[in-house]
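Each chain is listed here by its residues.
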Amino acid sequence: METKRSPRILVFSTEKISDPGIDQAGLRKIHYSPSVYVISLPCSSGIKPRWVLHALKKGFDGIFIAADGHECSFSPHCAELTNNIIVECQRRMKEENFNPKRIRMAALCSVCAEPFASHMANFSKILAELES
Amino acid sequence: MEEKQEKKRIGVYICHCGGNISDYVDVEQLRDIVSNEKNVVISKNVMFACADSNQKEMIKDIQEEQLDGIVVASCSPKLHLHTFRNVAERAGLNPYNYVQVNVREQCSWAHSDHPDQASYKAAGLIRAGIKRVSHSEALENIQIKAHKSVVIIGAGVSGMRASIDLARMGNQVFLIEKEANAGGQIAGKGKLFPTEQTGKMVVDTLMDQIRRLPNITLFTEARVAKVTGSIGNFKVDIVIQKAQDETISLQAGSILVTTGYETYTPKEGEFGFQTSPRVITLDVFDRMIRECEGKLVYDKKQVSSVAFIYCVGMRQSKGDNKYCSRTCCTSTIHSSLVMHEKFPRIRALHLYRDIRTYGKQEMLYEKSSKAGDIYLMFQEQHPPHVESSGDQMKITVKDHLTGKQELDVKVDLVVLVTGMVPRTDSNQVAELLKIPVGSDKFYNEIHPKLRPVETVINGVFLGGSCQGPKNISESVQSSLSAAAKINAIIRKETIELEPIIARIDAEKCTWCGKCQEVCEYDAIFQVETNGKLVAAVNEAVCKGCGICTPVCPYDAIDLIQYTNQEIEGMIDGFAQDVELKAREREEGAAHEEGGVMMKDFPQLWRSIMDVLDEGPKTIPQIALKLSQPAELITWHMMTMNKYFIVEPAGIDENDEYYRYQLKNKA
Ligand SMILES: Cc1cc2nc3c(=O)[nH]c(=O)nc-3n(C[C@H](O)[C@H](O)[C@H](O)COP(=O)(O)OP(=O)(O)OC[C@H]3O[C@@H](n4cnc5c(N)ncnc54)[C@H](O)[C@@H]3O)c2cc1C
Ligand code: SF4
Ligand code: SF4
Ligand code: SF4
């Protein structure tokens, strides 16, 4: 079965905060691209850059980090720490010839169903443009 | 890090969820694809994975097939992670060798507009689950020694009551009070609702019980200076004010915070407070009632009329205190009644925004209205104006209920109903204990409904009005529930914790200290192994956030359950291509029912609908007609009911079963 597939996106979400928002998008049948795959972690500041690189090498077109931002129950510095991780990822992505635009972050909360879907639509568009 | 043995006998269960998944995702084809995956020995479709009958089936499979890992592809783990962990445990499989894959919320529902692509994605999700489970470790909960002692901070009614229960349950209790006496806010109050005991009586009774319990130590004029350690083993340093301050170190398995509240102090000029002579707060008024004899006198003048202004400093749309203090309406009405009882013939005017005498407290409101008290409602944007007028106070107020008429009233005394606000030093305690404060600046529990007295810090609990406005009964309820929780934890003198924590590979670590810097919980410390300084994790303190894992320059840290192998295995699973055949569909076009797009009714639904065409039937009747087990029919009927295909049609003549009929049978 060969269908034209939209860009593959790997989302790192967090179990307590953004995951419920993503679940809610499904529950309310707010559709987003079926090429979006989600891995949930306790905290967005625990993402290892090597996982990001691994995903890109395995054919993912983009990585989206659904961060906890100021809602994080683990660390008041979460937004800053997650941002540091993105900076490090981008440094390594450049070394490996991946466009740094392939990683993106946004704060999502536990009721962010529509925002999640629209982030996915925007990011898919950006990634599709990178291809052309 | 030690190489983990890959799982060799994996069982995979792919759920229909009664159509919620299988309407969009080709679960049968996925089952066949998965059965060819490496190390998968069982691959099954189930109608409802969470159903009791399926749980039993899984237990049987795990035991008979000696499964060493299971994957359930169904709904969100938020719903059933613990259900299936329990299934694993009951079957003798380690609960951490089970992985839940979300093919409903994050697949069939999210992509119901693209069923083919949903099936493709589900294949990736399930393969990721299989990879993850094959790298999963059997984990044992962490066991920690616990002191059978509790530090309670704050000896108001909440702390006192909790200390008595905890002591009676056999624990050592250290009760810390910063003032010279225990009792807190009620100690100085007169008669209290609903029992009409005075504050002093309540406090004396509690104090008497405390004195009789040798395992309670009350420290007064004492403050907490430092807290270290963690659940089971906190070390709390307190400083006792004396001519020479004395510091004492206490050891405790758990800490209960019952530091209470303060009353709001009106700003200068707020309703004439401090700028007009005859404006006082409810606290002062209560004291006056208690202390005056024969007649009520304020500032040498007999009081024959009082106006209460409600919600002062509370429910501010533009201030700090957005919340309702919820006890003050009742306190005020109660004070007014106590006043009438002691000093008959004083007129009372209540200027309120809303009256919130919830529950039985409503009776007090009724009693006060019958006693002739006058109630006038004002709106926040038109607050009463207060000014002095001779030896009286003049209040101008827009009566909201009678056509916004402006009224002038003269009274001898204005009482400002000030509510409960957080303690000014609450941040200090929060910082010592690392517990969060909410936007209202009271302490925050983990979850207001599900975990109402726990904080994010394991072993630290909240009780009473330090969490938000509460009356005595509510304060004591919460502190006693915290006491019960604490006792359950420290009673056995060992504590079990979830083993999701960071783990450091001592071979790779060079002790650069980077992980220690980012850990918010001081969970990382230095140890010497084989003559080398390396980092180690304090199991009891680690919260399992994983924040330390990306900062290590040598990739020496893994978060258990989220190791490189597990996460990268999942990514591999997602990325693997899959050949899917176009789904073989049963006859029948897409169908709109109750606003829900139903693709392809399962054949059984058509049969059920045919049976119901004859008229309403019960589930046993349908089952009999179709020669199917009643349980199966129940599952389908529930789903059909949910999608508005059938509806209940009353109970049968034996008063036993519901009948169902077709919904749109016109
Ligand atoms: C005007 C008014 C009238 C009321 N009337 C009634 C009534 O009639 N009936 C009723 O049921 N409720 C009434 N209430 C509510 C009642 O006062 C509270 O429910 C009750 O006092 C809550 O008890 P608590 O122990 O939680 O807090 P508190 O009474 O505030 O006690 C907290 C204690 O902790 C101590 N503390 C604080 N910080 C520290 C620290 N850092 N270290 C050590 N110690 C510390 C304080 O000194 C205090 O002793 C009224 C409230 C108000 C405002
Ligand atoms: S309890 Fe009554 S007086 Fe107190 S804040 Fe709420 S509405 Fe206002
Ligand atoms: S960051 Fe890594 S190398 Fe540095 S101390 Fe921690 S574990 Fe060791
Ligand atoms: S996982 Fe979090 S709490 Fe545990 S050691 Fe690492 S940073 Fe500290």
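Residue positions are given per chain, counting from 1 as you read along its sequence in written order. Throughout, the order in which chains and ligands are written sets their labels, letters from A for the former and numbers from 1 for the latter. For a predicted model such as this one, the threshold for reporting local features is a pLDDT of at least 70, and the threshold for listing and counting side-chain atom pairs is 80 or more; totals across whole chains, interfaces and linings nevertheless cover every residue. As a convention, hydrogens and water are excluded, and side-chain values are obtained from all of the structure's heavy atoms.

Details of the overall build of chain A
Step number 1: Looking only at helices and strands, chain A features 4 helices and 4 strands.
Step number 2: Reading the secondary structure of chain A in the N-to-C direction produces β-α-β-α-β-α-β-α.
Step number 3: Buried residues are those whose accessible area, probed at 1.4 Å on protein chains only, stays under 20% of the maximum for their type, while exposed residues exceed 50% and partly exposed ones sit between those limits. Out of the 132 residues belonging to chain A, those deemed buried represent 56%.
Step number 4: Pairs of residues are marked as contacts when any of their non-hydrogen atoms sit within 4.5 Å. Excluding contacts between residues fewer than 6 apart, the proportion of contacts in chain A whose partners are at least 24 apart in sequence is 77%.
Step number 5: Under the convention used here, a 1.4 Å probe and the Shrake-Rupley method define accessible areas, while residue burial counts only the protein chains that appear. Counting every atom, chain A has about 5600 Å² of accessible surface; 51% of that belongs to carbon and sulfur. In this text, helices come from DSSP runs of H or I with a minimum length of four residues, and strands from runs of E with a minimum of two, each type numbered from the N-terminal end.

Points about the site of ligand 1
All names here are of chain B.
Step number 1: Here a residue counts as near a molecule or strand whenever at least one of its heavy atoms sits within 4 Å of it. In the vicinity of ligand 1 there are 34 residues, among which Ser 158, Glu 177, Gln 185, Tyr 261 and Lys 470 approach most closely.
Step number 2: Polar contacts here mean pairs of N or O atoms no more than 3.5 Å apart (in protein, one a potential hydrogen donor and the other a potential acceptor; neighbouring residues in sequence count only if both atoms are side-chain atoms). Asn 471 is positioned such that a nitrogen or oxygen atom in its backbone is 3.3 Å from an oxygen atom of ligand 1.
Step number 3: The backbone of Ile 472 places a nitrogen or oxygen atom 2.9 Å from an oxygen atom of ligand 1.
Step number 4: When the free accessible area of ligand 1 is taken as 1000 Å², the share hidden by the protein chains comes to 98%.
Step number 5: Elements that contribute at least two residues to the shell around ligand 1 include exactly α6 (157-168), β13 (261-263), α8 (282-291) and α12 (472-490).
Step number 6: Gly falls in the polar group here, along with every residue not listed as nonpolar (Ala, Val, Leu, Ile, Met, Phe, Trp, Tyr, Cys, Pro) or charged (Asp, Glu, Lys, Arg). Across the shell around ligand 1, the residue classes tally to 12 nonpolar, 14 polar and 8 charged.
Step number 7: Domain segmentation is taken from an automatic or database assignment of domains. Residues from two domains meet in the shell around ligand 1; each of domain 2 (149-260 + 423-494) and domain 3 (270-419) gives at least three.

Notes on the side chain of Thr 281 of chain B
Residue and element names in this part refer to chain B.
Step number 1: Of note, Thr 281 is situated in strand β14 (residues 279-281).
Step number 2: In this structure Thr 281 comes out as buried when scored by relative accessible area, which is 10%.
Step number 3: Setting aside chain neighbours within four positions, we find Thr 281 in contact with Pro 266, Phe 273, Val 415, Leu 416 and Thr 418.

Quick notes on the site of ligand 2
Residue and element names in this part refer to chain B.
Step number 1: Every residue close to ligand 2 is listed here: Tyr 310, Cys 311, Met 314, Arg 315, Cys 324, Ser 325, Arg 326, Thr 327, Cys 328, Cys 329, Asp 354 and Arg 356.
Step number 2: Of all the secondary-structure elements, those providing two or more residues to the shell around ligand 2 are β17 (305-312) and α9 (328-342).
Step number 3: Per-class residue counts for the shell around ligand 2 are 6 nonpolar, 2 polar and 4 charged.

Side note on the confidence of the model for chain B
Step number 1: In this model, chain B carries a mean pLDDT of 91, and residues with pLDDT of at least 70 account for 96%.
Step number 2: Predicted complex, confidence summary: ipTM 0.96, pTM 0.68. A residue's pLDDT is simply how confident the predictor is in it, with values from 0 to 100.

Examining the pattern of salt bridges
Step number 1: When a carboxyl oxygen of Asp or Glu lies within 4 Å of a side-chain nitrogen of Lys or Arg, that pair is called a salt bridge. With the rule as written, the count across this model stands at 44 salt bridges over all chains.
Step number 2: Close ionic contact of Arg 92 of chain A with Glu 88 of chain A constitutes a salt bridge, the shortest N to O distance being 3.6 Å. Residue Arg 92 of chain A and its partner Glu 88 of chain A are located together in helix α3 (residues 78-95), separated by 4 residues, close to a single helical turn.
Step number 3: Taking relative accessible area as the criterion, Glu 88 of chain A reaches 27% and is therefore assigned partly exposed.
Step number 4: Its salt-bridge partner being Glu 246 of chain B, residue Lys 242 of chain B comes within 2.6 Å of it at the nearest N-O pair.
Step number 5: Lys 242 of chain B sits in the partly exposed class, given a relative accessible area of 49%.
Step number 6: The exposure class of Glu 246 of chain B is partly exposed, given its relative accessible area of 31%.
Step number 7: One salt-bridge network, in which partners are shared between bridges, spans Lys 48 and Arg 50 of chain A together with Asp 555, Asp 558 and Glu 568 of chain B.

Concerning the nonpolar core
Step number 1: For our purposes a nonpolar core is just a set of buried Ala, Val, Leu, Ile, Met, Phe, Trp, Tyr and Cys residues, chained together by side-chain atoms within 4.5 Å. The biggest cluster of nonpolar side chains holds 163 residues, and the ones touching the most others in it are Leu 10 and Phe 12 of chain A together with Ile 126, Ile 255 and Val 257 of chain B.
Step number 2: Here the element with the most residues in this core is helix α5 (residues 115-134) of chain B; it accounts for 9 residues.
Step number 3: Setting aside anything within four residues of it in sequence, one finds Phe 12 of chain A in contact with Ile 39, Leu 41, Ile 47, Trp 51, Val 52, Ile 63, Phe 64, Ile 65 and Ala 66 of chain A together with Ile 567 of chain B.
Step number 4: Grouped together as the second largest cluster of nonpolar side chains are 31 residues, Phe 193, Leu 282, Leu 296 and Leu 413 of chain B included.

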